[in-house]
Amino acid sequence: MFHDRQQFDVVCFSQRMAEDQITRRFAQASTAFHRTAHDNPAALAALVREERIDVFFDLAGHTAD
């Protein structure tokens, strides 16, 4: 992934139960990577607030896993 790490922090939240090659690639490219598959909605919301997310992209859609 190509971004200016001096200007932008990329924070990822993964809902996947199992890690795969794509998950590892996102983890390596991000400033912070959170595995949240076991978090309840309130805990996940608190973590998003804690990370002070400005722009949030949902890449998972509405599919299982």
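Look up: the structure comes first, before these words.
Residues numbered from 1 in each chain as written. Predicted model: local features only at pLDDT ≥ 70, side-chain atom pairs only at ≥ 80, totals over all residues. Heavy atoms only, no water.

Caption draft 1: Quick look at the overall build of the protein chain. Each helix and strand counted, the protein chain has 2 helices and 2 strands in total. Along the protein chain, helices and strands appear, N-terminal first, in the series β-α-β-α. The C-alpha extent of the protein chain, read off along each of the three principal axes, is 35 × 30 × 15 Å. Counting the 65 residues in the protein chain, one finds 18% classified as buried. Pairs at least 24 apart in sequence give 30% of the contacts found in the protein chain among residues at least 6 apart. For the protein chain, the accessible area works out to roughly 5,600 Å², and carbon and sulfur atoms hold 52% of it. Across the protein chain, the centroid of the 7 positively charged side chains sits 4 Å from that of the 10 negatively charged ones. (Helix = DSSP H or I, 4+ residues; strand = E, 2+ residues; numbered from the N terminus. Buried < 20%, exposed > 50% of the residue type's maximum accessible area, 1.4 Å probe, protein only. Contact = heavy atoms within 4.5 Å. Areas by Shrake-Rupley, 256 points an atom, 1.4 Å probe, with all protein chains shown as cover. Lys, Arg positive; Asp, Glu negative; His and termini not counted. Charge placed at Lys NZ, Arg CZ, Asp CG, Glu CD.)

Caption draft 2: Region of interest: the side chain of S30. Tracing the backbone shows S30 in the loop between α1 (21-29) and β2 (32-35). Overall, S30 belongs to the buried group, its relative accessible area being 8%.

Caption draft 3: The arrangement of unusual backbone geometry in detail. For R52, which is not glycine, the phi torsion reads 55° and is therefore positive. Locating R52 in the fold gives a position in the segment after α2 (41-51).

Caption draft 4: Main features of the pairing of strand β1 (residues 11-14). Pairing between β1 and β2: 4 bridges, direction parallel. In the sheet register, S14 faces β2, and the bridge partner there is R35. (Pairing = 2+ DSSP bridges.)

Caption draft 5: Here's a closer look at the packing of aromatic side chains. Under the criterion given, the structure shown has 1 aromatic pair. A centroid spacing of 5.9 Å and a plane angle of 20° characterise the contact between F13 and F56, whose relative ring orientation is stacked. With F13 in strand β1 and F56 in the segment after α2, this pair connects stretches of sequence that are 43 residues apart. (Phe/Tyr/Trp six-rings, centres within 6.5 Å; stacked < 30°, edge-to-face > 60°.)

Caption draft 6: Summary view of the side chain of T23. Here T23 shows up in helix α1. A relative accessible area of 7% means that T23 is categorised as buried. Not counting chain neighbours up to four residues away, the residues in contact with T23 comprise S14, R16, A18 and F33.

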